[in-house]
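# Observations on the three-dimensional arrangement
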Amino acid sequence: MTKTKKEKASGEVEEAAAAAAAGGNEKSYQELIANINPIAQPLASRKLSKKLYKCVKKAAKLKQIRRGVKEVQKFINKGEKGIVVLAGDTLPIDVYCHLPVMCEDRSLPYAYIPSKVDLGSSAGSKRPTCVILIKPHEEYQEAYDECLDEVTVLPKPL
């Protein structure tokens, strides 16, 4: 009796994991936008968000990202160049509200995306991440340049 219950339970767990991997519990872009905070400007479009996630994923494979507020802030101060990607649903805002100002002072391109969970998972982490700095690298230069062009075109907030 117990053996069949265990098999049945493990089968259900496998099905749930397969559904999650297939995007069963994935939120739509519109649902994610509903949860962003007021300072999340310039917000990347759905298309640009996907490109940024792909670029982050490629950079993470080659260890060319800086992850987290403390690390990104340190390397921005040291003068490192790249694209800064911020999560728009981070609360409290005080955690990272100084980073856009630092980026503008050093003329670094930055953009907000709707979800810190998606940002963390694209960086190869199970933890949500509220800010990532993507460094340029020749392995993914084409994707990086495309993202760089689109992020610099985004209108800056007043």
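Notes on the structure follow. (Residues numbered from 1 in each chain as written. Predicted model: local features only at pLDDT ≥ 70, side-chain atom pairs only at ≥ 80, totals over all residues. Heavy atoms only, no water.)

Turning next to the side chain of K135. Among the structural elements, K135 can be located in the loop between β4 (131-134) and α7 (141-153). Although K135 is buried, it forms no salt bridge, and the closest oppositely charged side chain is E80 at an N-O distance of 4.3 Å. Other than its neighbours up to four places away in sequence, K135 contacts Q64, I65, R66, E80, K81, Y140 and Y144. (Helix = DSSP H or I, 4+ residues; strand = E, 2+ residues; numbered from the N terminus. Buried < 20%, exposed > 50% of the residue type's maximum accessible area, 1.4 Å probe, protein only. Lys, Arg positive; Asp, Glu negative; His and termini not counted. Salt bridge = Lys/Arg side-chain N within 4 Å of Asp/Glu carboxyl O. Contact = heavy atoms within 4.5 Å.)

Together, R46, K50, K54, K57, K58 and K61 line one region of the surface with positive charge. Mapped onto the elements of the fold, K61 is located in helix α3 (residues 46-61). Judged by relative accessible area, which is 70%, K61 ranks as exposed. (Patch = residues over 30% accessible without salt bridge, like charges linked within 9 Å, V, L, I, M, F, W, Y side chains within 5 Å. Areas by Shrake-Rupley, 256 points an atom, 1.4 Å probe, with all protein chains shown as cover. Charge placed at Lys NZ, Arg CZ, Asp CG, Glu CD.)

Turning to α3, a few remarks are in order. The terminal C-alpha atoms of α3, which comprises 16 residues, lie 23 Å apart, in line with the 22 Å expected from a rise of 1.5 Å per residue. Buried residues of α3: L48, S49, L52, Y53, C55, V56, A59 and A60, and no others. The buried residues of α3 occupy one face: seen down the axis, they fall within an arc of 165°. Turned more than 90 degrees away from the buried face of α3, the exposed residues are K47, K50, K54 and K61. (Expected span 1.5 Å × (residues − 1). Arc of directions from axis to C-beta.)

Attention now moves to the pattern of salt bridges. Pairing between side chains becomes possible if they bear opposite charge and their charged atoms approach one another. Inspection of every chain in the model, using the stated rule, returns 4 salt bridges. Where K51 meets E150, a salt bridge forms, and the shortest distance between an N and an O atom there is 2.5 Å. With K51 in helix α3 and E150 in helix α7, this pair connects stretches of sequence that are 99 residues apart. K51 gets classed as partly exposed once you look at its relative accessible area, which sits at 21%. With a shortest N-O distance of 3.8 Å, E71 and R66 are connected by a salt bridge. You can call E71 partly exposed: its relative accessible area is 28%. Relative accessible area serves as the criterion here: at 17%, R66 is assigned to the buried category. One salt-bridge network, held together by shared partners, links K51, E146 and E150.

Let us look at α7. If you check α7, its first and last C-alpha atoms are 18 Å apart, about what 13 residues at 1.5 Å a residue would give, namely 18 Å. Where α7 is concerned, the buried positions are A143, Y144, C147 and V151. Around the axis of α7, the buried residues are gathered within 95° of arc, so they sit on the same side. More than 90 degrees from the buried face of α7, the exposed residues found are E142 and V153. Here the buried face of α7 lies against α3, β2 (83-87), β3 (110-113) and β4.

This part takes up the pairing of β2. Most of β2 sits out of view: 5 of its 5 residues are buried. Burial along β2 is two-sided: the residues I83, V85 and A87 and V84 and L86 are all buried. Alignment of β2 against β3, held across 4 bridges, turns out to be parallel. Counted as the bridge partner of A87 is I113 from β3. As for the winding sense of the linkage, the β-α-β connection from β2 through helix α5 (residues 99-105) to β3 is right-handed. (Pairing = 2+ DSSP bridges. Right-handed = clockwise from strand over helix to strand, strands pointing away.)

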